[in-house]
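Summary of structural features
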Amino acid sequence: FQILMDHANRFPHELWVISIKVVIKPMVEEVYSQLSQLERIDSELAERIQEDVLYPICHLFARYFEQIEFLLPEVRNLIVQYVTSHHHGVAMIGVQWFKNFGDVLCHKFEDCHWKLWYQLIVEIFEFFLPRPVLGQAELFKESIFRPAIRGRFDPMTNSIIQEDGQVIDLTEMEESDKSRRYSVTAESTRYENRAQILYDYITSLELTMKNSIHLIPFTFLKQILDTVQEAGNTCHKFNDDVELRYVMWKNGFKKHANRLPGLYEHERVCRGVYTINHYKSFYRENTEEEKTYAEGKFFEITLEVIEEYNNLLASTGADRDDSSPVRRDGEIMASKPTNFGDSTTVNVHALRSSEKERKLENLNTLLSDSILPLLLSIDCETLTRHLQPLFVPLMNLADNPSAKTRRSLKEIMVKSFPILFPMKQE
């Protein structure tokens, strides 16, 4: 790499193609192959791979970008290969490479490169989001929540004859159940690794956007943020399907966790990225139309989260009783499978009650860490345009259990009072 850095300034087009496609690409693929055979990749080895192999590629492209930008798709494909590896350590190396490549090169990007980068973001999200699992949700849940089959058992044919004359072949059903159970167990176990990589990917994207939002053309920023919002909505849908998550937990998805695993942190970070970057967008150098769009989106998600929190809090208060697995101080008790009975008698109501508390906790963190501090920092003129629909939902947060949230709310109210009740000038 040092030879290329020092002497490649006069390389013709053909020699660059050979250098990247015939030398560097096979080398990176060989590293991938060797790493994939290791049982575990420790932090020291991962750091050495970054410093000796992957960082130099980033800096090589940064130095000779005008000469070799046409080879960006080659690197993009290598990043995808690493990030989507089934080996956790290799995927983590890939996520870090994705972040570093964007950080080092984004200041050189033009529209065609931003388009390539956006497509990379979408492709990685598609690989890690639980859409295939959600698409098979009913099939998954049948493996545990199957309704009882009623009728007369015929031992000669190992079947059940129902009242309407329909014959259920139990041998065939058992084989089908074995196949379904294998599929459910395989997908549930596999998704544990994907869920962790997805979170690391989202946080890496969050940091990249924090460093480069001033460089991203508004058209592509909008597309990226819409993709992030869609990812957050998918995580939200997954979190809402308590029965599906229970089945996956029983079949290997974070099976050692002491409560029902979900994608709450993933959802929160996605919504935070969407909110913060729309806020930043209406304070950067955009057209008035773009600023108005970003401002509207920021206040739209702000109102949505506050109302979601208030509605959930009201419904949670109505649901609580002494039989719930949720303590009255809001602390969530450990919810191991045995808390809810065996696989045929699982208490779905108890599961849902417990999960409402976790949703509240997640939304409260989003409010206190992202939304309310941003709302407090907005100039009075902008706040005036949007305060009326926000005021009552904000007031309903007054008894929020978080001291941090209450402090922010108090400061917002102090700031809002002169806007709502302007003093008459004599």
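Residues numbered from 1 in each chain as written. Predicted model: local features only at pLDDT ≥ 70, side-chain atom pairs only at ≥ 80, totals over all residues. Heavy atoms only, no water.

Turning to the overall build of the chain, a few remarks are in order. The secondary structure content of the chain amounts to 17 helices and three strands. When each of the 426 residues of the chain is scored for burial, the buried share is 48%. Here the contacts in the chain between residues at least 6 apart in sequence split such that 76% fall between residues at least 24 apart. Roughly 22,000 Å² of accessible area belongs to the chain as shown, and the carbon and sulfur atoms make up 52% of that amount. (Helix = DSSP H or I, 4+ residues; strand = E, 2+ residues; numbered from the N terminus. Buried < 20%, exposed > 50% of the residue type's maximum accessible area, 1.4 Å probe, protein only. Contact = heavy atoms within 4.5 Å. Areas by Shrake-Rupley, 256 points an atom, 1.4 Å probe, with all protein chains shown as cover.)

Mapped onto the elements of the fold, Phe65 is located in helix α4 (residues 65–68). Setting aside residues no more than four positions away along its own chain, Phe65 makes contact with Leu72, Leu105, Lys108, Phe109 and His113.

This paragraph deals with the packing of helix α2 (residues 13–36) against helix α5 (residues 72–83). The interhelical angle for the contact between α2 and α5, taken along N-to-C directions, is 5 degrees, at an axis separation of 11 Å. Between α2 and α5, the angle is such that the two are roughly parallel. Facing Ile20, Lys21, Lys25, Val28, Glu29, Val31, Tyr32 and Leu35 of α2, the residues of α5 in contact are Glu74, Leu78, Gln81 and Tyr82. Residues that form the contact of α2 with α5 fall into these classes: seven nonpolar, one polar and four charged. (Axes fitted to C-alpha atoms, helices over the stretch in contact; angles between N-to-C directions. Parallel < 35°, antiparallel > 145°, perpendicular 65-115°, else oblique. Nonpolar A, V, L, I, M, F, W, Y, C, P; charged D, E, K, R; others polar.)

Further remarks concern the pattern of salt bridges. The full count for this structure, using the stated rule, is 18 salt bridges. Two residues, Asp240 and Lys359, come together in a salt bridge whose shortest N-O distance is 2.3 Å. In this pair, Asp240 sits in helix α11 (residues 218–240) while Lys359 sits in helix α15 (residues 348–377), placing the two residues 119 residues apart along the sequence. Between Arg271 and Glu304 there is a salt bridge, and its shortest N-O distance comes to 3.2 Å. With Arg271 in helix α13 (residues 264–281) and Glu304 in helix α14 (residues 288–319), the pair connects residues that are 33 residues apart, well separated along the chain. A relative accessible area of 10% means that Arg271 is categorised as buried. Through salt bridges with shared partners, one network takes in Glu267, Arg271, Glu304 and Glu308. (Salt bridge = Lys/Arg side-chain N within 4 Å of Asp/Glu carboxyl O.)

Our next topic: the confidence of the model for the chain. Of the residues in the chain, 79% have a pLDDT of 70 or more, and the chain-wide mean is 80. Overall, residues 145–149 carries pLDDT values under 50, and its contacts beyond four positions in sequence, including any with other chains, amount to 13 contacts. Across residues 321–345, confidence stays below pLDDT 50; counting only partners more than four residues off in sequence or on other chains, it has 43 contacts. (pLDDT = per-residue confidence, 0-100.)

Note that Thr275 resides in helix α13. Accessibility expressed as a relative area gives 0% for Thr275, which makes it buried. Setting aside residues up to four positions removed in sequence, Thr275 forms contacts with Phe298, Ile301, Ile371 and Leu374. Side-chain polar atoms of Thr275 contact the backbone oxygen of Arg271, separated by 2.7 Å. (Polar contact = N/O pair within 3.5 Å; in protein donor to acceptor, adjacent residues only side chain to side chain.)

A rise of 1.5 Å per residue sets the reference length of α2, with its 24 residues, at 34 Å; its end C-alpha atoms lie 33 Å apart and thus fit the reference within 8%. Taken as a whole, α2 carries its principal kink of about 30 degrees at Ile24; the proline Pro26 stands between one and four residues after it. Every buried residue belonging to α2 is among Trp16, Ser19, Ile20, Ile24, Val28, Val31, Tyr32 and Leu35, and all of these are buried. (Expected span 1.5 Å × (residues − 1). Bend = angle between axes of the 7 residues up to and from the residue.)

Time to look at a nonpolar patch on the surface. Together, Leu15, Ile18, Val22 and Val23 line one region of the surface with nonpolar side chains, adding up to about 330 Å² of accessible area. Turning to its location among the elements, Val23 is positioned in helix α2. (Patch = residues over 30% accessible without salt bridge, like charges linked within 9 Å, V, L, I, M, F, W, Y side chains within 5 Å.)

This part takes up a negative patch on the surface. A contiguous patch of negative charge, built from Asp42, Glu44, Glu47, Glu51 and Asp52, is present on the exposed surface. Mapping Glu51 onto the fold places it in helix α3 (residues 43–63). (Lys, Arg positive; Asp, Glu negative; His and termini not counted. Charge placed at Lys NZ, Arg CZ, Asp CG, Glu CD.)

Right, let's get into the packing of α3 against helix α6 (residues 88–105). What describes two packed helices is the angle between their axes and the distance between those same axes. Look at α3 against α6: their axes get within 10 Å of each other, and the N-to-C directions meet at 30 degrees. As the angle between them shows, α3 and α6 are arranged roughly parallel. For α3 against α6, the interelement crossing comes out right-handed. Residue-level contacts link Ala46, Ile49, Gln50, Leu54, Tyr55, Ile57, Cys58, His59, Phe61 and Ala62 of α3 to Ile93, Gln96, Trp97, Asn100, Phe101, Val104 and Leu105 of α6. Looking at the contact of α3 with α6 residue by residue, the classes come out as 13 nonpolar, four polar and no charged. (Left-handed = near helix turned anticlockwise from the far one by under 90°.)

Right, let's talk about the side chain of Thr234 for a bit. Along the polypeptide, Thr234 turns up in helix α11. Assessed through its relative accessible area of 9%, Thr234 is described here as buried. Side-chain polar atoms of Thr234 contact the side chain of Arg131, separated by 3.3 Å. Non-local contacts of Thr234, meaning those with residues more than four positions away in its chain, are made with Leu129, Pro130, Arg131 and Leu134.

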